[in-house]
Amino acid sequence: MDEHELFMERALVLARRGEGLTRPNPPVGAVLVENGKIISEGWHKKAGGPHAEVNCLKKVSGIGKSAVLYVTLEPCSTIGRTPPCTDLILERGIRRVVIGCKDPNPSHAGRGIRKLRRAGVDVVTGVCRKEAHALIVPFTKRMLTGLPFVTLKLGVTLDGRIADSSGTSQWITGPTARKKVQEMRRKVDAVMVGAGTVRADNPSLLPRPAKGRAPWRVVVGSDISEKSKVLTDEAAARTVIVDGSVKKALRALAKEHGVMHVLCEGGGELAGSLIRAGLVDEFMIFMAPSVLGGSGFPMFGKKGWSLPKMPRWVFQTLEKCGDDVLIRAVPEKEK
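Residues numbered from 1 in each chain as written. Predicted model: local features only at pLDDT ≥ 70, side-chain atom pairs only at ≥ 80, totals over all residues. Heavy atoms only, no water.

- Looking at an unreviewed UniProt entry, one finds the protein chain named Riboflavin biosynthesis protein RibD, with Tichowtungia aerotolerans as its source organism.
- Recorded under Function (unreviewed entry), the UniProt text for the protein chain is reproduced unchanged: "Converts 2,5-diamino-6-(ribosylamino)-4(3h)-pyrimidinone 5'-phosphate into 5-amino-6-(ribosylamino)-2,4(1h,3h)-pyrimidinedione 5'-phosphate." (UniProt positions renumbered as here; feature names shortened; annotations may be inferred.)

Below, the structure written as structure tokens:
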């Protein structure tokens, strides 16, 4: 790992602190380096607040000519809720900027880089590009398609069951997996389930502890109790009931509330319908070393596919999660 990658990795670590807090903006991290040492750090903490570059640069007074600013995403060059970061970079006299990836917004992509270069700043791009791009995939999808990125999470047995014949699903997976799910909730902008899950489990769907996060809750279906937690707790105003097109509801969440990333936690019928509609961007499957068999609830509902038409996925990662296994997979691209 060269010096550029080392400092960009640190900027990425900082950026991840903002996941789940910045909608509709992407999480961004910045590091200021002078003579091979980090002298200041910053990240985007919330929408409407200072950007990562501002939070980094405001902590130092004098900046030497050899200073290098590392930022995970191309600095903004237009006036929005905050002034352009490119202006601040030029005002502070920074002569070299290292960028992870370009802004995916077609209206902005490359503008910040060109502005800095025209002013004589040495700009290096594409350092840790893959990691920097992966960090903002939800933002990119919303920007380019108007839809949020959808992660489908399920806790299943070895034989693909998400509940027993009575509908009981607590708990198929162990405490380590459940803790991991809380971490996932803190990184997203909305948590979605089917009405059947609310009727069976009465979940809050809120991250515990929240650590400042306030995701929307989306319930697909109807006929849930007026006493359900999602309708009566402290976050009831952030609950959306969808009794119609899920795709339209997702698009509305993205447009009206800046939602970039949705975590769907089931159940099986909703999971199957999302796959059939082509709305799932990644699987996060927690598989427990147990078997239910018989008439247990299948992970993708009762309606299946024929062998030639079955959707195919590509495994990305496999990791131990306590006694369980976490499998991440993404849709196979059409050949």
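Having seen it, we continue.
1. Side note on the sheet that holds strand β4 (residues 96-101)
Then, in step 1: The sheet built from five strands is open, its strands ordered β2-β1-β3-β4-β5 with mixed pairing. This sheet does not close on itself; its edge strands, each paired only once, are β2 (37-43) and β5 (122-125). This sheet shows a mean twist of 20° between the axes of neighbouring strands, independent of strand direction.
Then, in step 2: Relative to β2, strand β1 (residues 29-34) runs antiparallel, the two being bridged by six bridges. Within β2, the residue paired with glutamate 34 across the bridge is lysine 37.
Then, in step 3: Of the strands in this sheet, β4 and β5 are in contact with helix α4 (residues 111-118), which crosses β5 at around 150°. (Pairing = 2+ DSSP bridges. Helix = DSSP H or I, 4+ residues; strand = E, 2+ residues; numbered from the N terminus. Axes fitted to C-alpha atoms, helices over the stretch in contact; angles between N-to-C directions. Contact = heavy atoms within 4.5 Å.)

2. A few points about the domain arrangement of the protein chain
Then, in step 1: Here the protein chain is partitioned into domain 1 (3-141) and domain 2 (146-331).
Then, in step 2: Taking only C-alpha atoms into account, the centre of domain 1 sits 33 Å from that of domain 2.
Then, in step 3: Domain 1 puts 14 residues into the contact, and the matching count from domain 2 is 21 residues.
Then, in step 4: Carbon and sulfur atoms make up 53% of the area that domain 1 and domain 2 hide from each other, which totals about 1200 Å².
Then, in step 5: The largest per-residue losses of area from domain 1 upon contact with domain 2 belong to Arg23, Pro138 and Lys141, which jointly make up 56% of the total buried on that side.
Then, in step 6: Across the pair aspartate 281 and lysine 141 runs a salt bridge whose closest N-O atoms are separated by 2.8 Å.
Then, in step 7: One can count five residue pairs in polar contact (both at pLDDT 80 or more) joining domain 1 with domain 2. (Domains from an automatic or database assignment. Buried area = accessible area lost by both parts, 1.4 Å probe. Salt bridge = Lys/Arg side-chain N within 4 Å of Asp/Glu carboxyl O. Polar contact = N/O pair within 3.5 Å; in protein donor to acceptor, adjacent residues only side chain to side chain.)

3. Regarding the pairing of strand β12 (residues 282-287)
Then, in step 1: In terms of burial, β12 is a largely internal element, five of the six residues being buried.
Then, in step 2: As defined by bridge partners, strand β6 (residues 149-156) adjoins β12 across six bridges and the pair is classed as parallel. Counterpart to glycine 155 in the pairing with β12 is phenylalanine 286.
Then, in step 3: Bridging between β12 and strand β15 (residues 324-331) involves five bridges; their strand directions are antiparallel. Its bridge partner being in β15, isoleucine 285 is matched across the sheet by isoleucine 327. (Buried < 20%, exposed > 50% of the residue type's maximum accessible area, 1.4 Å probe, protein only.)

4. Quick notes on the layout of surface pockets
Then, in step 1: Volume-wise, the largest pocket comes out at about 1400 Å³.
Then, in step 2: Along its surface, the largest pocket is lined by 43 residues, and Ala134, Val137, Phe149, Glu282 and Arg328 are the ones closest to its centre.
Then, in step 3: At seven residues, the largest contribution of residues to the lining of the largest pocket is made by helix α6 (residues 137-145).
Then, in step 4: Tallied by class, the residues present in the lining of the largest pocket amount to 19 nonpolar, nine polar and 15 charged.
Then, in step 5: When residues of the lining of the largest pocket are assigned to domains, at least three fall in each of domain 1 (3-141) and domain 2 (146-331). (1 Å grid on protein atoms, 1.4 Å probe; cavity = no way out; pocket = protein on both sides within 12 Å on 5 of 7 lines; lining within 4 Å. Points joined across faces, edges and corners; volume = space filled by probe spheres on them. Nonpolar A, V, L, I, M, F, W, Y, C, P; charged D, E, K, R; others polar.)

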